[in-house]
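Chain by chain, the residues run as shown.
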There are 4 protein chains.
Amino acid sequence: MRTGADAPGLAPPGQAALNWSVERWFNLAPGQSAPTLDALRGHVLLLHAFQMLCPGCVLHGLPQMQRVQQVFAGMDLRLLGLHTVFEHHEAMGPASLQAFLHEFRVGFPVGVDRAEPGHAAPRTMRDYALQGTPSLLLIDRQGDLRFHALGRVEDLQLGALIAQLLAQ
Amino acid sequence: MRTGADAPGLAPPGQAALNWSVERWFNLAPGQSAPTLDALRGHVLLLHAFQMLCPGCVLHGLPQMQRVQQVFAGMDLRLLGLHTVFEHHEAMGPASLQAFLHEFRVGFPVGVDRAEPGHAAPRTMRDYALQGTPSLLLIDRQGDLRFHALGRVEDLQLGALIAQLLAQ
Amino acid sequence: MRTGADAPGLAPPGQAALNWSVERWFNLAPGQSAPTLDALRGHVLLLHAFQMLCPGCVLHGLPQMQRVQQVFAGMDLRLLGLHTVFEHHEAMGPASLQAFLHEFRVGFPVGVDRAEPGHAAPRTMRDYALQGTPSLLLIDRQGDLRFHALGRVEDLQLGALIAQLLAQ
Amino acid sequence: MRTGADAPGLAPPGQAALNWSVERWFNLAPGQSAPTLDALRGHVLLLHAFQMLCPGCVLHGLPQMQRVQQVFAGMDLRLLGLHTVFEHHEAMGPASLQAFLHEFRVGFPVGVDRAEPGHAAPRTMRDYALQGTPSLLLIDRQGDLRFHALGRVEDLQLGALIAQLLAQ
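Now for a look at the structure at hand. Predicted model, so just to flag it, every value in this text is computed and none were measured. (Residues numbered from 1 in each chain as written. Chains lettered and ligands numbered in written order. Predicted model: local features only at pLDDT ≥ 70, side-chain atom pairs only at ≥ 80, totals over all residues. Heavy atoms only, no water.)

**Observations concerning the overall build of chain A**
So, point 1. Along the backbone of chain A there are five helices and six strands.
So, point 2. Taken from the N to the C terminus, the helices and strands of chain A come in the order β-α-β-α-β-α-β-α-β-β-α.
So, point 3. In terms of overall dimensions, chain A has C-alpha extents of about 50 × 35 × 30 Å along its principal axes.
So, point 4. With 168 residues in all, chain A has 55% of them scored as buried.
So, point 5. Carbon together with sulfur atoms contributes 51% to the accessible area of chain A, which is approximately 6,900 Å² in total.
So, point 6. Averaged over its 12 positive side-chain charges, chain A has a centre that lies 3 Å from the centre of its 14 negative ones. (Helix = DSSP H or I, 4+ residues; strand = E, 2+ residues; numbered from the N terminus. Buried < 20%, exposed > 50% of the residue type's maximum accessible area, 1.4 Å probe, protein only. Areas by Shrake-Rupley, 256 points an atom, 1.4 Å probe, with all protein chains shown as cover. Lys, Arg positive; Asp, Glu negative; His and termini not counted. Charge placed at Lys NZ, Arg CZ, Asp CG, Glu CD.)

**Looking at the packing of aromatic side chains**
So, point 1. Evaluation of the coordinates by the stated rule reveals eight aromatic pairs over all chains.
So, point 2. Of the aromatic side chains, those joined through ring pairs into one cluster are Phe50, Phe100 and Phe104 of chain A. (Phe/Tyr/Trp six-rings, centres within 6.5 Å; stacked < 30°, edge-to-face > 60°.)

**Let's talk about the pairing of strand β4 (residues 110-113) of chain A**
Residue and element names in this part refer to chain A.
So, point 1. Here β4 shows two buried faces, one formed by Val110 and Val112 and the other by Gly111 and Asp113.
So, point 2. Relative to β4, strand β3 (residues 77-83) runs parallel, the two being bridged by three bridges. For histidine 83, the partnering residue across the bridge sits in β4 and is valine 112.
So, point 3. Remark: the β3/helix α3 (residues 94-103)/β4 crossover connection has right-handed handedness. (Pairing = 2+ DSSP bridges. Right-handed = clockwise from strand over helix to strand, strands pointing away.)

**Here we look at the sheet that holds strand β6 (residues 145-150) of chain A**
Either a parallel or an antiparallel arrangement is found when strands of a sheet pair, and the pairing is made through backbone hydrogen bonds.
All names here are of chain A.
So, point 1. In space, the six strands of this open sheet follow the order β1-β4-β3-β2-β5-β6, with mixed pairing throughout. If you trace the sheet from one side to the other, it starts and ends with β1 (22-26) and β6, each paired once. On average, adjacent strands in this sheet sit at an angle of 20° to one another, irrespective of strand direction.
So, point 2. Bridging between β1 and β4 involves three bridges; their strand directions are antiparallel. Following the sheet pairing, phenylalanine 26 is matched in β4 by valine 110.
So, point 3. Along the sheet, α3 contacts β1, β2 (44-50), β3 and β4; its crossing angle with β1, the most-contacted strand, is approximately 30°.
So, point 4. Across the face of the sheet, helix α5 (residues 155-167) comes into contact with β2, β3, β5 (135-139) and β6 while running at roughly 20° to β5. (Axes fitted to C-alpha atoms, helices over the stretch in contact; angles between N-to-C directions. Contact = heavy atoms within 4.5 Å.)

If you want it as structure tokens, here you go:
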């Protein structure tokens, strides 16, 4: 239930986030183990599901993530990218993604969502029932999914959502 | 003191906001009494000090206020404009301001900061020691001043600051 | 008649431009006489009709004029502004305009279109049958009006129109 | 030599453009033969050399080409893209490019600049001594190269350059 005191758009707690299934990670620090939902419990998480050849992701979603990274530097927020390829698979393999991340200066960890035979959409994308890219997901310190949006989210709203979760 | 759990930039409570001194209000609803700090206690306040002929206000500050008005519609946030004329006084009188507010579709209440003989800057601007325009001020439900910035503030940060105060 | 070799939008020659009727000029160089159509014959002219409290003028039209001034610096193009006040007359008098031009760094000559009793729209605006602001007018070296548009014009198109007239 | 009557930036005629060496074309109409310099003589040509993973190309260069295509529709201007891959070759092969052109709605013909053993930069890029991407080239109706720029070109200037060549 939303009240006048809430920031806009946050869902109530109670819906546990699902773990992701990742083939390979990019941008991990040396020695850093693969980020899992369990290991990140206690932190606020922002997941950005994208495809490197999706115009909405390249023109809006990823630049917004980079602004989030700057504005919330030093805060207890963890950013993760999830490369959820559901079309043009041959054009967006890991080698292509690595070049893309380098050229577009994406510095936060990005996982390749696991492809599975017989499915165009990869595993995590199906588990979360994501409808396309870009998709934004916010997970609170208890591991509950609190926000899920397809397409553009205004910076004012995203800042409000993140701050609400950081304050809890 | 800032901790990892804070959103960026909010000052600690304890510094009481000062009342404003306004010659005349625009955009009040019929029968609405002049907004005072006392009457607004219990609500979160966002004050935007501007001049109608200040490019930074017209190009960035006021459009941001209009975005805030949309994104936080229905939340317990009150927006106030304060026309703090400290230069070109003859060009920014009340009749000019009224036309400006109409043409630029500024719909929230705007007060004309009180001019006083012998001072270029008006009364509230001097009381708050504002250094120029645009200036943003955030006041919490207890009437404490929690944020004060001259110039541009990123939407992500402003959204975070407002949400933090709404959540308290 | 337009052919495949024309840039888009230029009208054929043959329609003589009308002189403007100006109360007062701003931004003339010391000793510079008032710009008239006759005195400017032989040069390409770009006239921008605007109002200082018109959002489309402030946000788009005047910044475009400033870009034109930079990109075509050293070319045989003369820029003129025309302050065609047809509403909120009390808010856009010469003192207000002077402050506006200073604050928004408008450096090219700007004339105040002549107000006449019994008419909301000023004299030149009526002579040219301008429908509103911003309006762009292009006049060729022979003094013919070759382009007239209300509202936004794309930079690519405006650059093409100016270059065509400069090349003739 | 530039005079006051020139639009900014056009080089004098006399430097013949070189033919391009292309492995494969995308976006040709059914039955359309490969565009060559000889076949296009008599038309004004705008060549955009880009890489699909170059941020300056994706964020600025290609959107500008799409604006050019709209504004100069019906004019005697031919747009060509040249995919000049000089880095991350494995990530920008023809299958990747095809998906990119589809997703970013690039509709004009794009040729893949010919890779040659022992060279990071492809053949046409080396022949034209292009320094990077994005690069813009303008060729006049006689087949002379009249403009060559690396990086961003303002819309006003590009519109002027194109119109000048169309008017000749």
